[in-house]
Amino acid sequence: MKEGIHPDYHVVTVEMTDGTVFQTRSTWGKEGDVLKLDIDKSSHPAWTGGNQRIIDTGGMVARFNKRFSKFGIK
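1. Considering the sheet that holds strand E2 (residues 21–26)
(1) Moving on: What the three strands build is an open sheet, ordered E2-E1-E3; its pairing is mixed. The outermost strands of the open sheet, each flanked by one partner alone, are E2 and strand E3 (34–36). The average angle at which neighbouring strand axes cross in this sheet is 35°, direction not considered.
(2) Moving on: Sheet topology note: the strand E1 (residues 10–15)/E3 ladder contains three bridges and is parallel. Bridge assignment links Val14 to a residue of E3, and that residue is Leu35.

Cut-off values and rules
- The residue numbers shown here count from 1 along each chain, following its written sequence.
- Under the rules for a predicted model, residues below a pLDDT of 70 receive no local features and side-chain atom pairs below 80 are neither given nor counted, while totals for whole chains, interfaces and linings still include all residues.
- Side-chain numbers here rest on the full set of heavy atoms in the structure, without hydrogens or water.
- Should DSSP find at least two bridges between two strands, the strands are regarded as paired.
- Each helix corresponds to a stretch of at least 4 residues labelled H or I by DSSP, and each strand to a stretch of at least 2 residues labelled E; elements are numbered beginning at the N terminus.
- With axes taken as lines fitted to C-alpha atoms, and helix axes fitted only over the stretch in contact, angles between N-to-C directions fall between 0 and 180 degrees.

Put into structure tokens, the structure is as follows:
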């Protein structure tokens, strides 16, 4: 392997939406950083059956719906 071209691989702490915490290795952040998830298996509609609403940060979902509303099923 070539030296100096690979990202730093270190231990980070992941905090899920329900408060569950675990450690894993990642290239994200720095050693010991905490990654707080907004969506995970306990809150994502794919796992919960769609009970949660989508959080529209920045109006992206609204813009998508406005742009493609005329392509709806008739």
